[in-house]
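Results of the structural survey
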Amino acid sequence: MAQGQTARDENELEHELAAMLDIERFEPPAEFVKHANLTDPAIYEQADSDWQGWWASQAERLHWFKRWDQVLDDSNPPFYKWFTGGKLNVSYNCLDRHVEAGLGDRVAYHWHGEEGEELDITYADLLDRVQRFANALKDLGIEKGDVVGIYMGMIPEVVVSMLACARIGAIHNVVFGGFSAESVRERMEFSQAKALITVDGAARKGNVAPVKQNVDAVMGDLEHLKHIIVVRSKGTECEMKAGRDVWYHEIVAAAAEVCPPEEMDAEDPLFILYTSGSTAKPKGIVHTTGGYLTGASSTHQNVFDLHADTDTYWCCADVGWITGHTYIVYGPLANATTGIMYEGAPDYPHRGIWWELVERYKATIFYTAPTAIRACIKWGAEHPDRFDLSSLRLLGTVGEPINPKAWLWYHKVIGGERCPIVDTWWQTETGAIMISPLPGITATKPGSATRPLPGVLAEVVDEHEGKPIDQGQGLLVLKRPWPSMLRTLYKEDDRFVQVYFKKFGIDTYFVGDAARRDKDGYFWVIGRVDDVVNVSGHRLSTAEVESAVVACESVAECAVIGQSDELTGQAITAFVTLQGTIDGTPEIEDEIRAGVAERIGKFARPKRIIFADDLPKTRSGKIMRRLLRDIAEGRALGDVTTLRDPSVMAVLEEKIQAEQAAEES
Ligand code: PRX
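Since the model is a prediction, treat every value here as computed from it, not as a measurement. (Residues numbered from 1 in each chain as written. Predicted model: local features only at pLDDT ≥ 70, side-chain atom pairs only at ≥ 80, totals over all residues. Heavy atoms only, no water.)

**Brief notes about the side chain of aspartate 318**
Going by this rule: Where helices and strands are cited, they refer to DSSP runs of H or I of at least four residues and of E of at least two residues respectively, numbered from the N terminus. Think of a polar contact as two N or O atoms within 3.5 Å of one another; within protein, one of them needs to be a possible hydrogen donor and the other a possible acceptor, and neighboring residues in sequence only count if both atoms come from side chains.
Looking at the secondary structure, you find aspartate 318 in the loop between β16 (312-315) and α12 (322-334). Separated by 2.8 Å, the side chain of aspartate 318 and the backbone nitrogen of glycine 320 make a polar contact.

Laid out in structure tokens, this is it:
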């Protein structure tokens, strides 16, 4: 409990929140508006009337070695090019220019380790580390255009590695530390990575998990992968393969101090980030140098109302996801922000650790996912209440819809009713936030991401013809190119056009989300309409999980669906038929979960496994997941007449009812 505060009564809190559910809109708090950067709503109309001019004004915020000749080249849609002819370097924009402006001593990150280790890294420190490591990469023969994989947790070297790649024009391909080594291998193979930067081991709630050792077990024979660079982080034992593996600290010590930044074309790729789509093969989202950095820095500045000289900003995502790329690394550093980087989990060493760190570093801006907020609600307000959160002035959410009750809890318990909440909608593909309040201007409604940012044109359209729906539910689309949009899928141009620009034509970006617009034109994003599941804000493809389940020895066939889950938004349910006469047992469930953990990562393990004798299929043999979703969530079954064998559903229904009855007793 913060000093002078009395313990909060959870029942009373519950009542207060229930009463607040009637409040339809929250105006930007007057005290916040007084100091906000943007307060004039005319910005929306101004940006709309000249959207290319608006984006050009945002690109002006960066340093360009050479200014662009053309803002947008739309001669070959949907392969748009932004700021063509312009030359810049991302690491120069994130580091050198701030140091040259006299900000070398400003802290870039207050890094906090899982066991309480602390390290303040200034902009000057970061520049020094990045230059040395960039030289070390060059010494290994890494060149502009080469792909470099990065697989590690939330340690400072992950940021150094990303920026060092950017400095020399290598394309990084970060894989979230929660993915298995198998997934890393697959992503290195698809992208033909020349090097992989990883760690000896990773901290996980008081334990250290081997990383390099796991990588070694699967990486052996990749033809393109010439180097594995290992950061000595936890002192975990690992074998170093002569001719391939090098220690990070050794190559850095041997490298020269100064590495001039490569002058990159605006359209040169900056990174690839694999994400899940409708098929088992992940999509390599390609982001570029000029457009991406423009989007990242502009939205970070405007959505978070950044006052870089006084704010302490904390985005608690992992760098391995797009949120980490854009709002831990590139946006904040481009804006000379002081940020917090935390290595560990929200409940280790205790359930109040996040709030302890807010108090310790006097965080002013806090950005997290609704899943994390729901976990905090479950743990109880007593944890945040023990700490002084009065430094906070703005809160954000990302990754999934936030239910109004969680929004109100966040507003009241964390934000002390004085902080606006920015619910930010975007995707790996969009590179930066697309729909979100501007906190000094836009009134918020709990559960709505409100309206598109200046310059962005979003619509809700009907599923069949793509006609705009002013009020009501339909599919979310984006109708104009924007600088930080993905340029393609790595080495899969056709798939890029097919997935995003086929449904409603070449000038309409198909998002893959359902959404509703209300009477005020506000957007309420509902969730995915494709076979993508969002578990705790982690994006997974049902096909990817299915192929991991089917790879288990005893499994014959499998269908995976996302089921609503109070805590994680969605959870994975797997319907499984087994080989021959094998019966489903808890041991086989364990085997399936272990198989998924090994092939994808622990976070993809099915929460519920339902063994079935057969799965509902159409006459052409397609599994009807819609029916499986209905049955798993206890809804009345839709049309079953197209099934090859309708009796399959009756058997399944009986099985699920029996399972529920057993649980209840
Ligand atoms: O369904 C939407 C959901 O997350 C998807 C994008 O996932 P990913 O590429 O992993 O990026 C997550 C972080 C940007 C979207 O298609 N989503 C993201 N933000 C929101 C959201 N759903 C509702 N509200 C949001 N604020």
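The structure having been displayed, the exposition proceeds.
**Observations concerning the pairing of strand β25 (residues 532-535)**
Our working rule: Relative accessibility decides the category of a residue: with a 1.4 Å probe and only protein chains considered, values under 20% of the type maximum give buried, values over 50% give exposed, and everything between is partly exposed. When DSSP finds at least two bridges between two strands, those strands are taken to pair.
By the alternation rule, side chains of β25 split into Val532 and Asn534 and Val533 and Val535, which are all buried. For β25 and strand β26 (residues 538-541), the ladder comprises 4 bridges, and the chain directions are antiparallel. Residue pairing in the sheet places valine 535 in a bridge with histidine 538 of β26. Adjacent in sequence and paired antiparallel, β25 and β26 are bridged by 2 residues, among which serine 536 carries a positive phi angle near 50°.

**Some details on helix α18 (residues 542-550)**
Summarising burial for α18: 7 of the 9 residues are buried, a large majority. Among the residues of α18, Thr542, Ala543, Glu544, Val545, Glu546, Ala548 and Val549 are the ones counted as buried. One side-chain oxygen of the residue at the start of α18 lies 3.2 Å from the amide nitrogen of alanine 543, identifying that residue as serine 541.

**Here we look at the packing of aromatic side chains**
Remark: the centre distance and the inter-plane angle together describe each pair of aromatic rings, the angle taken between the planes. Note the following rule: Pairing of aromatic side chains requires ring centres within 6.5 Å, counting the rings of Phe and Tyr and the six-membered ring of Trp. Pairs whose planes differ by under 30 degrees are stacked, by over 60 edge-to-face, and all others tilted.
Overall, the coordinates contain 37 aromatic pairs when judged by the stated rule. Judged by centre distance (5.9 Å) and plane angle (85°), the rings of tyrosine 327 and tyrosine 367 are edge-to-face. One end of the pair, tyrosine 327, is in helix α12; the other, tyrosine 367, is in strand β18 (residues 365-368), with 40 residues separating them in the sequence. When its relative accessible area of 0% is taken as the criterion, tyrosine 367 is described as buried.

**Concerning the packing of helix α11 (residues 290-303) against α12**
Definition in use: To get an axis, fit a line to the C-alpha atoms, keeping to the stretch in contact for a helix; angles then go from 0 to 180 degrees between the N-to-C directions. Every angle not falling under 35 degrees, over 145, or within 65 to 115 is termed oblique; those three ranges are roughly parallel, roughly antiparallel and roughly perpendicular. We call two residues in contact whenever any of their non-hydrogen atoms come within 4.5 Å of each other.
In the contact formed by α11 and α12, the axes pass within 8 Å of each other and the chain directions differ by 85°. It follows that α11 is roughly perpendicular to α12 by the angle criterion. In this structure, α11 contributes Tyr292, Leu293, Ala296, Ser297, Thr299 and His300 to the contact, and α12 contributes His325, Thr326, Tyr327, Tyr330, Gly331, Pro332 and Ala334.

**Observations regarding the site of the ligand**
Our working rule: Note on terminology: near, applied to a residue and a molecule or strand, indicates that one of the residue's heavy atoms is within 4 Å of it. The method behind every accessible area is Shrake-Rupley, applied with a 1.4 Å probe, and residues are considered shielded solely by the protein chains displayed. Note on residue classes: Ala, Val, Leu, Ile, Met, Phe, Trp, Tyr, Cys and Pro are nonpolar, Asp, Glu, Lys and Arg are charged, and everything else, Gly too, is polar.
Near the ligand lie 17 residues; those nearest to it are Asp423, Thr424, Thr428, Arg528 and Arg539. Within the backbone of glycine 399, one N or O atom sits 3.1 Å away from a nitrogen atom of the ligand. Within the contact set of the ligand, an oxygen atom lies 2.8 Å away from a side-chain nitrogen or oxygen of arginine 528. Isolated, the ligand exposes 550 Å² of accessible area, and the fraction of that covered by the protein chains is 96%. Breaking the shell around the ligand down by element, the ones donating at least two residues are α12, β20 (421-424) and β24 (523-528). Tallied by class, residues from the shell around the ligand come to 6 nonpolar, 6 polar and 5 charged.

**Details of empty space enclosed by the protein**
How we decide: A pocket, in this scheme, is an open set of points on a 1 Å grid over the protein atoms alone with protein on both sides within 12 Å along at least 5 of 7 lines, while a cavity is a set where a 1.4 Å probe fits but cannot get out; residues line either one if an atom lies within 4 Å of a point. Grid points are joined across faces, edges and corners, and a volume is the space filled by probe spheres set on the points. Residue ranges labeled as domains rest on an automatic or database domain assignment.
Counted under the stated rule, the structure contains 3 cavities of 30 Å³ or more. Taken as a whole, the largest cavity holds about 70 Å³ of empty space. As for the largest cavity, its lining consists of Val174, Val175, Phe176, Phe179, Arg187, Leu273, Tyr274, Thr275, Gly320, Trp321, Ile322 and Thr428. No other element matches strand β14 (residues 269-275), which puts 3 residues into the lining of the largest cavity. Looking at the lining of the largest cavity residue by residue, the class counts come to 8 nonpolar, 3 polar and 1 charged. Both domain 1 (10-86 + 284-526) and domain 2 (105-262) contribute no fewer than three residues apiece to the lining of the largest cavity. Considering only enclosed or pocket space, the second largest cavity measures out at about 50 Å³ in volume. Lining the second largest cavity are Trp54, Trp55, Ser298, Thr299, Asn302, Val303, Leu438, Leu453 and Pro454.

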